[in-house]
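Close look at the chain arrangement
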Amino acid sequence: MSKKENDITRFLDEEGRIKKYPAKESNKRLVIEYLSGKFEENRIYSEKEVNAIINKWHTFNDYFI
């Protein structure tokens, strides 16, 4: 795991999904960067595909971004 991922482990469950969205702005940035890593570079996603990826990588039922 990279240093950034280690910094956000308290926000992740055992499967690497986001379990809590941080209140602190600097931690929010780390979580968003982590989530952005789940997308392929130079690929255009449909809204449905974006929603599916976001849903896969968080454990709560509300969008947080």
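Just so we're clear, the structure is a prediction, and the values are computed from it rather than from any experiment.

To continue, consider the overall build of the protein. The secondary structure content of the protein amounts to 3 helices and 0 strands. Across the 65 residues in the protein, those meeting the buried criterion constitute 28%. Of the contacts made within the protein by residues no fewer than 6 positions apart, 36% connect residues no fewer than 24 positions apart. Entry remark: accessible area of the protein is about 5,000 Å², with carbon and sulfur atoms responsible for 48%.

Per-residue confidence for the protein averages 87 on the pLDDT scale, and 83% of its residues sit at or above 70. Put simply, helix α1 (residues 3-7) is where the protein has its lowest mean pLDDT, 62, and helix α2 (residues 25-36) is where it has its highest, 94.

Now for the side chain of N27. With respect to the secondary-structure elements, N27 resides in helix α2. Using a relative accessible area of 11% as the deciding quantity, one classes N27 as buried. Those residues in contact with N27, other than ones at most four positions away along the chain, are R10, F11 and P22.

In this structure, I8, F11, L12, I18, L30, V31, Y34, L35, Y45, I53, I54 and W57 together form the largest nonpolar core, which totals 12 residues. Among the elements of the structure, α2 and α3 (47-56) are those that each provide at least two residues to this core. Of the residues forming this core, the biggest block, 4 residues, is contributed by α2.

This brings us to a positive patch on the surface. On the surface, a cluster of positive charge is made up of R10, K19, K20 and K24. As for its placement among the helices and strands, K20 is situated in the loop between α1 and α2. Relative accessible area serves as the criterion here: at 51%, K20 is assigned to the exposed category.

So, on to the environment of I32. With respect to the element layout, I32 can be found in helix α2. Taking the C-alpha atoms as reference points, I32 and Y21, 11 residues apart in sequence, are found 9.5 Å from one another.

Moving on to the pattern of salt bridges. Per the counting criterion, the structure on display carries 5 salt bridges. The salt bridge involving R17 is made with D13; its shortest N-O contact spans 2.7 Å. Judged by relative accessible area, R17 falls into the partly exposed class, the value being 25%. Salt-bridge contacts for E49 lead to R43; the nearest nitrogen and oxygen are separated by 2.8 Å. For E49, a relative accessible area of 30% puts it in the partly exposed group. Three or more residues joined by partner-sharing salt bridges are found here, namely D13, E15 and R17.

Each value, and the rule that gives it
- Residues numbered from 1 in each chain as written.
- Predicted model: local features only at pLDDT ≥ 70, side-chain atom pairs only at ≥ 80, totals over all residues.
- Heavy atoms only, no water.
- Helix = DSSP H or I, 4+ residues; strand = E, 2+ residues; numbered from the N terminus.
- Buried < 20%, exposed > 50% of the residue type's maximum accessible area, 1.4 Å probe, protein only.
- Contact = heavy atoms within 4.5 Å.
- Areas by Shrake-Rupley, 256 points an atom, 1.4 Å probe, with all protein chains shown as cover.
- pLDDT = per-residue confidence, 0-100.
- Core = buried A, V, L, I, M, F, W, Y, C linked by side-chain atoms within 4.5 Å.
- Patch = residues over 30% accessible without salt bridge, like charges linked within 9 Å, V, L, I, M, F, W, Y side chains within 5 Å.
- Salt bridge = Lys/Arg side-chain N within 4 Å of Asp/Glu carboxyl O.
- Lys, Arg positive; Asp, Glu negative; His and termini not counted.
- Charge placed at Lys NZ, Arg CZ, Asp CG, Glu CD.

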